[in-house]
Amino acid sequence: MKLNYFKSKLFLKYIWSYLFILLIPLVLMTIFIYESAVTNLKSEIEQSRLAQLTQTKVTIDGRMKELSEIASRISYDKRLTPYRVHDPIYSGEAIQALDQYKSTSSIIGEIYLYFHKDDKIYSSKGLNDIGVFTDNVRFQNWKKDSLIQDLNAVRFPTMHPSDTVSNPSGMQESMLAYLIPITPNSPTPHGTVMVLIKESELTSLIDSVLGNYHGMTYILDNDGHILVDNRQGEALTNAEAKSLFNNLAPGIHDRSLSGKAHSIVSVKSENNGWTYVTVMPTAQFFSSVLHVRSLIIMLFIIIVLVGAAIALVLARMQYQPISMLVEFASSKSGAKEQSQRLEPAGNELDRIRSALQEYSSRIDLQEPFARNHFLSMMLKYGSTQSLTPELQEAFDLQFDRSHHFVMVIGWDTDEQSDLQERQHIIAMLAQIEFPELDAHGYGVEMPQLDQLGLIISFSLGGRPDAFSHMQQIAEAVRTTLLETFDVVPVIGVGTCYTSPDQLNQSFIEACSAIELRISGEQGTINYFEKLSTTADPAFWIPGSTLLKLSQSLKQGSYDVAAQMIRSAIQSLQSSDLSALLTRCICFDLLNTILKAASELGNHSLMQQIAPNMMYGGTLDEFERSLLDLASQICSQDEQDNQQEEQSVIDRIVAYIDAHYTDNSLSLESVAFEFGISPSHVSRSFKEKMGLNFIQYIWQKRMGEVMHQLKTTTDPLKDIILKVGYVDTPNFIRKFKKETGCTPGQYRKMFAEGGGSAEDTEDE
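One structure accompanies this document, and this report is about it. Model, not experiment: these values are computed from the prediction.

## A closer look at unusual backbone geometry
Going from Ile182 to Thr183, the amide bond is cis rather than trans, its omega being 0°. Residue placement: Thr183 occurs in the loop between strand E6 (172–182) and strand E7 (191–198). Notably, Lys117 is not glycine yet its phi reads approximately 65°, a positive angle. Here Lys117 lies in the loop between strand E1 (108–115) and strand E2 (120–123). Lys117 sits in the exposed class, given a relative accessible area of 78%. With a phi angle near 65°, Asn185 is a residue other than glycine that sits in the positive phi range. Of note, Asn185 is situated in the loop between E6 and E7. Taking relative accessible area as the criterion, Asn185 reaches 81% and is therefore assigned exposed.

Right, here's the structure in full:
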């Protein structure tokens, strides 16, 4: 690879473009793989957490069931009846019994027995007055009065959320109070067993089941209050906890807390209605995929390096033709461009563009003929999609109005004196405006000398009737021609359409109107809509359809012909006519096609019609057969036109070869000699010969001058005049530009007799 490639900004831009194209799918694929890995791992961890949390629920529910069974045994223990515990002799046994019950469960911090309306409370450590008890065992958020009221009024097992409990020695500890009425399940309990449970006992139990879990764990009661709060580093505010646990359904959830995504797993106990919840930041899942991240980064780097090498190769392949064009453009430029070629390349495309502009300035673009060719293609195919903004600006064309139609203007050109006037008409109608009618038109030269097409675009501007507006425009065109020129035209007007893509249909209709006009007088305007109006019943094929079908076949427009056939068959398919009447109506289409073929000289088409087309088959099969016939006619018409054009061009070339020394020879004179419009001659000549009319005549005259310079001693001026070139200085400049030497120098190099003094004088 050439090192100076890297000095080019364009080459570097290509490299970055390919890298960018490579990196976009690579980054997307990397993100997809990484997200998939994280999502799968997250799902596995959440499912594992759900199973562990379920096991935690089963374990804690089992411990709570043990406490309920202890309360039940207490209620039936004779040592703990109200009579025995109040008797000074047996009260010691009651305290000893409570201590035994306490020792049966490892999570019991202390157990108390209280009988309703009693002023005493009993525990494994002794008998206390209820007032002394509330002073010694102080809950931070559970007031004394509320505690005594709950001990007397509780009807169902109730867990008081974890609270800070202070003892007489001043020690504080987070504990839960579990109140169990006795006798259990009795509608009128006579006492309450209160079990104090250290929160650390439950949290350690939770941690032992969850293992290496790092997050927050909560146990909620039936009302959504937090009973146990086991967290590591992170905590929830009351508002966050309320929004998080409000109507929390069992399962796996994703919630946002403090602007961070969290994964929440919850299960609910069927025994006591408690909800067990784990809350874990989603970001923790990413720490579990470090090995995946490292592998992806390594693969990413490798692919980027390989992609950079591929981008370098592709950029070189794309830049090499441009580099060759730059060198070619520089080699064809002057010294200034030669010096710029040695400088760092950064404006290669600008230099190529400048070179192309320089070359284009030397070529005869024949813009009027190119414009006419484009408009002719619109009349034939009806498509404006190829009309780019550049072409619109170059040809000064606009199709921004709401309605469009085509007019075909014809007149008598039997006399040679009318030829010049025709050029004036073409020049005037090339672009005509009617501001008062909000319309403008573009003239199109037809192959025939006695006809001219006119594309009209207009806007209704609040007028309700488009047809009457068309009539005003057509009348304005006719009036302009009558007042300006000494011609009396006959005009055919096609149907108005809202899209310029349907101009080919309007053109076909305009041709039908001018060909089948009712009046043969000059100066008349014939409208296709009036021409096609018939009084036929609704089930017959409209006359307009048959007219357009016939004219489209004569013009070789298969698209319009196919559209007419399909629309006619479709209307027949949607009717309720009998099969016999439908077949008779179909013959209208067939007869129209055969008649058009006969008028075009194609008399063998009838032999290709199969019997089943005449007497059998479905409408779809009949439609396909008609489309095939139309295609054959249009193809044959195209071939005949091409052969005719080739024959005409051959005769035109022969005519030019015989008359190129005539200085009055021009494109217009040749066109009128053969009865063809100049634009059609220009287009056909360029297509068949590969160079335009002017270039061909120049080559003929140039070749003859070279021959005369080599074989004669005639003065240069006489030779130039003899070949039909009247501007001697201009010819000498063009000769030197093409050959690199003057005619006198050329004669000295190739002629035997050498140059004359007159040659030097002329040069």
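## Here we look at the packing of helix H18 (residues 543–555) against helix H19 (residues 558–573)
Running from N to C, H18 and H19 cross one another at 150°; their axes reach a closest spacing of 8 Å. By the angle class used here, H18 and H19 are roughly antiparallel. Seen along the crossing, H18 lies across H19 with a hand that is left-handed. Here H18 contributes Thr545, Lys548, Leu549, Ser552 and Leu553 to the contact with H19, which in turn contributes Val560, Ala561, Met564, Ile565, Ser567 and Ala568.

## Some thoughts on the sheet that holds strand E11 (residues 260–268)
Reading across from one edge, E9-E8-E12-E11-E10 is the order of the 5 strands in this open sheet, with antiparallel pairing throughout. Both edges of this open sheet fall to strand E9 (226–230) and strand E10 (251–257), since each of them pairs with a single strand only. The sheet shows a mean angle of 20° between the axes of neighbouring strands, direction not considered. Relative to strand E12 (residues 275–281), strand E8 (residues 216–220) runs antiparallel, the two being bridged by 5 bridges. For Met216, the partnering residue across the bridge sits in E12 and is Val279. Docked against the sheet, helix H1 (residues 9–76) engages E8, E10, E11 and E12, running at close to 40° with respect to E11. In the packing of helix H6 (residues 199–210) onto the sheet, contacts are made with E8, E9 and E12, and the angle to E9 comes to roughly 60°.

## Looking at the nonpolar core
Core analysis: the largest hydrophobic core is formed by 49 residues, its most contacted members being Leu375, Leu553 and Ile593. At the level of elements, helix H12 (367–381), strand E13 (403–410), strand E15 (439–445), helix H16 (503–515), H18, H19, helix H20 (579–599) and helix H22 (619–659) are the ones that each hand at least two residues to this core. Discounting residues that sit within four places of it in the chain, Leu553 has contacts with Ala561, Ile593, Ala596, Leu600, Ala630, Ile633, Cys634 and Asp637.

## Details of the packing of aromatic side chains
Per the counting criterion, the structure on display carries 14 aromatic pairs. Each residue in the set Trp698, Tyr725, Phe731, Phe735 and Tyr746 is aromatic and connected to the rest through ring pairs, giving one cluster. Directly above the aromatic system of Tyr90 lies the positively charged group of Arg84, at a separation of 4.0 Å from the ring centroid.

## Re the pairing of strand E5 (residues 158–166)
Summarising the sheet, strand E4 (residues 138–139) and E5 pair through 2 bridges and their orientation is antiparallel. Counterpart to Phe139 in the pairing with E5 is Val165. As defined by bridge partners, E5 adjoins E6 across 7 bridges and the pair is classed as antiparallel. Within the sheet, the bridge partner assigned to Met159 lies in E6 and is Tyr178. Counted along the chain from E5 to the antiparallel partner E6, the turn is 5 residues long, and its residue Gly170 has a positive phi close to 95°.

## Things to note about the sheet that holds strand E16 (residues 451–458)
One open sheet accounts for 6 strands, arranged E14-E15-E16-E13-E17-E18; its pairing is mixed. A single partner strand is all that each edge strand has here, and the edge strands are strand E14 (432–434) and strand E18 (525–527). Shown here is a sheet whose adjacent strand axes are inclined to one another by a mean of 25°, direction ignored. With 4 bridges connecting them, E13 and strand E17 (residues 490–493) associate as antiparallel partners. If you follow Val408 over to E17, its bridge partner there is Gly492. Together, E13, E14, E15, E16, E17 and E18 form the strand contacts of helix H15 (residues 466–484), whose direction differs from that of E13 by roughly 35°.

How each quantity is defined
Residues numbered from 1 in each chain as written. Predicted model: local features only at pLDDT ≥ 70, side-chain atom pairs only at ≥ 80, totals over all residues. Heavy atoms only, no water. Helix = DSSP H or I, 4+ residues; strand = E, 2+ residues; numbered from the N terminus. Buried < 20%, exposed > 50% of the residue type's maximum accessible area, 1.4 Å probe, protein only. Axes fitted to C-alpha atoms, helices over the stretch in contact; angles between N-to-C directions. Parallel < 35°, antiparallel > 145°, perpendicular 65-115°, else oblique. Left-handed = near helix turned anticlockwise from the far one by under 90°. Contact = heavy atoms within 4.5 Å. Pairing = 2+ DSSP bridges. Core = buried A, V, L, I, M, F, W, Y, C linked by side-chain atoms within 4.5 Å. Phe/Tyr/Trp six-rings, centres within 6.5 Å; stacked < 30°, edge-to-face > 60°. Lys NZ or Arg CZ within 6 Å of the ring centre and 35° of its normal.

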